Amino acid sequence: MTADSHDETGEPTPQAPLAPPTQGAVQVQGYPAPTGHGFPAVPTPGNGPLGVPAAPRTNTMSIVSLITGFFCSIAAVITGHLALGQIRRTGENGRGLAITGLVLGYLGIVAGAVALIYAILFAASIGSIFSAIIGSTSSSSSSPSVITAGQVGAAHLDEGYLEVGAGSVVVDLYIDPMCPFCGQFDTANGDALAALVDDDSITLRLHPLTFLDSASQGSEYSSRASAALTCEAALNPGSTLDYLAAMFANQPAEGTAGLTDDQLVDLSSGKESIADCVAGGEYQAWVQWNTDNAVNGPIEDAEITSIQGTPTVLVNGRQYTGAIDDPTALTEFISGTVS
């Protein structure tokens, strides 16, 4: 039905019928009906449901970068850079994830590099320690023929001593050229021992050692002086005891640099010059080998197993424990050992 109006004559004027409602809406008194009552809304292209804009998605590579940052640094760095490039082109989310993955990746690479450097340094130090141990073991247990061997003058290099005299009683004297007690011993007993050597009462075997190398300000005086004594014994065997006496008569104080090589050469009274032998350090390795053997033992045909200090005196293997400055006591000990 349509509502009629009236004109000026009073006659009803017919009205045009209302327009039919458009599709998707119900017309009520000229107003469109709200949607959602049987007429579905049509979404705008590119928007979410009911016209709400859709949120950008998160970039996949950024997620991968973050996850691999905890266990695979290289992968985290590679995927992190790929993610940032993709995000710049597409506007996707995930920039923070990618940056976090990159940071974790680079930190992991740096930590790995530092760990590798420390591992290399540690391995190198361990290798040096083992090399030193192996070298020390081989030097103390190997034959002195590797250094020098045989008998040269009064130097019995294989056996590890300098020998003078031809008596039936064997006196072994272990000394260090810088040892002050050795100097006191030689001052008190040197002449008595030399007399016993001259009349063939004893065979005196000198063992020059290097205990006090560290007490000569880095000059290794004990090694140099012991080697010089060996040079004298090898080249001038008849003046071995004279050189020993001169060496102790000019003994430097412990803790000083000691005599120079030229001064050690000047102590020699033999016909043959020991200058080249001393300058070349010809017997320094031998005296060090000799010291290692004395310290580590065993001491052949002796009642002690090793040498723990200087001076040490053995008479036919028995250790003299009397006063070092009493020549009478030493001579009686030697005589008592014979009987």
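Scroll up for the structure.
This report concerns the structure included in the present document. Just so it is clear, the structure is predicted and the values come from calculations on it, not from any experiment.

**So, the pairing of strand E8 (residues 169-175)**
Then comes step 1: The buried fraction of E8 is high, at 6 of 7 residues.
Then comes step 2: Both E8 and strand E10 (residues 312-315) contribute to a ladder of 4 bridges, which runs antiparallel. Across the sheet, Leu-173 pairs through a bridge with Val-313, a residue of E10.

**Considerations on helix H1 (residues 60-68)**
Then comes step 1: All of the buried residues in H1 are Ser-62, Ser-65 and Thr-68. Buried residues in H1, looked at end-on, bunch into an arc of 135°, giving them a common side.
Then comes step 2: For H1, the capping residue at the N-terminal end is Asn-59, with a side-chain oxygen 2.9 Å from the backbone nitrogen of Met-61.

**Section: a negative patch on the surface**
Then comes step 1: Among the surface-exposed residues, Asp-158, Glu-159, Glu-300 and Asp-301 lie close enough to one another that they form a single negatively charged patch.
Then comes step 2: Take Asp-301: it is sitting in the loop between helix H9 (284-296) and E10.

**A few points about the side chain of Ser-226**
Then comes step 1: Here Ser-226 shows up in helix H5 (residues 221-235).
Then comes step 2: Excluding anything up to four places from it in sequence, Ser-226 contacts Pro-177, Pro-208, Leu-209 and Val-287.

**Thoughts on the sheet that holds E8**
Each strand in a sheet pairs with another by means of backbone hydrogen bonds, the pair being arranged parallel or else antiparallel.
Then comes step 1: Pairing in this open sheet of 7 strands is mixed, and the strands run E5-E6-E7-E9-E8-E10-E11 from one edge to the other. Only two strands of the sheet have a single neighbouring strand rather than two, namely strand E5 (151-152) and strand E11 (318-319).
Then comes step 2: The sheet contact formed by strand E6 (residues 155-156) and strand E7 (residues 161-164) spans 2 bridges and is antiparallel. Counted as the bridge partner of Ala-155 is Leu-162 from E7.
Then comes step 3: Sitting on the sheet, helix H4 (residues 180-198) touches E7, E8, strand E9 (202-208) and E10, and the angle it makes with E9 is about 150°.

**Points about the side chain of Ser-216**
Then comes step 1: Relative to the assigned elements, Ser-216 resides in the loop between E9 and H5.
Then comes step 2: Separated by 3.1 Å, the side chain of Ser-216 and the backbone nitrogen of Glu-220 make a polar contact.
Then comes step 3: When residues no more than four places from it in sequence are discounted, the contact partners of Ser-216 are Met-178, Tyr-221, Thr-256 and Ala-257.

**What about the pattern of salt bridges?**
Then comes step 1: Evaluated as defined, the whole model comprises 3 salt bridges.
Then comes step 2: With a shortest N-O distance of 2.8 Å, Glu-92 and Arg-57 are connected by a salt bridge. Pair noted here: Glu-92 is in the loop between helix H2 (73-90) and helix H3 (95-141) and Arg-57 is in the loop between strand E4 (31-32) and H1, with a separation of 35 residues, a long-range link.
Then comes step 3: Here Arg-224 ties to Asp-261 by a salt bridge, and the two come within 2.7 Å at their closest N and O atoms.

**Notes on the packing of H4 against helix H6 (residues 240-249)**
Then comes step 1: Between H4 and H6, the least distance of the axes is 10 Å, while the angle of their chain directions is 160°. Taken together, the axes of H4 and H6 lie roughly antiparallel to each other. Between H4 and H6 the crossing geometry is left-handed. Taken together, the residues of H6 that come into contact with H4 (itself represented by Cys-182, Gly-183, Asp-186, Ala-194 and Val-197) are Leu-241, Leu-244, Ala-245 and Phe-248.
Then comes step 2: Looking at the contact of H4 with H6 residue by residue, the classes come out as 7 nonpolar, 1 polar and 1 charged.

About the thresholds
- All residue numbers refer to position in the chain's written sequence, counted from 1.
- Residues qualify for local features only when their pLDDT is at least 70, as the model is predicted, and side-chain atom pairs are given and counted only at 80 or more; totals for whole chains, interfaces and linings, by contrast, use all residues.
- Only hydrogens and water are removed before side-chain values are computed, so all heavy atoms of the structure are retained for them.
- Burial classes follow relative accessibility: with a 1.4 Å probe on protein chains only, a residue under 20% of its type's maximum area counts as buried, one over 50% as exposed, and anything between as partly exposed.
- Numbering of helices and strands runs from the N terminus, with a helix taken as a DSSP run of H or I at least four residues long and a strand as a DSSP run of E at least two residues long.
- Whether two strands pair depends on DSSP finding at least two bridges between them.
- Arc, as used here, means the arc of the directions from the helix axis to the C-beta atoms.
- For the purposes of these results, a polar contact is taken to be a pair of N or O atoms within 3.5 Å, where, inside protein, one atom must be able to donate a hydrogen and its partner to accept one; residues adjacent in sequence count only when each atom of the pair is a side-chain atom.
- Every patch collects residues that have over 30% relative accessible area and no salt bridge, joining them within 9 Å if they carry like charges and within 5 Å if they are nonpolar side chains (Val, Leu, Ile, Met, Phe, Trp, Tyr).
- All accessible areas in this document rest on Shrake-Rupley with a 1.4 Å probe, and a residue is counted as covered only by the protein chains that are shown.
- Salt bridge, as applied in this entry: a Lys or Arg side-chain nitrogen positioned within 4 Å of an Asp or Glu carboxyl oxygen.
- Positive residues here are Lys and Arg, negative ones are Asp and Glu, while His and the chain termini are left out of the count.
- Taken as the charge location is NZ of Lys, CZ of Arg, CG of Asp or CD of Glu.
- In what follows, a contact means two residues having at least one pair of non-hydrogen atoms within 4.5 Å.
- Angles run from 0 to 180 degrees between N-to-C directions of axes, and those axes are lines fitted to C-alpha atoms, restricted for helices to the stretch in contact.
- In what follows, roughly perpendicular refers to angles from 65 to 115 degrees, roughly parallel to angles under 35, roughly antiparallel to angles over 145, and oblique to any angle outside these ranges.
- Left-handed describes a crossing whose near helix is turned anticlockwise from the far helix by less than a right angle; the clockwise case is right-handed.
- Residues are grouped as follows: Ala, Val, Leu, Ile, Met, Phe, Trp, Tyr, Cys and Pro are nonpolar; Asp, Glu, Lys and Arg are charged; all remaining types, including Gly, are polar.

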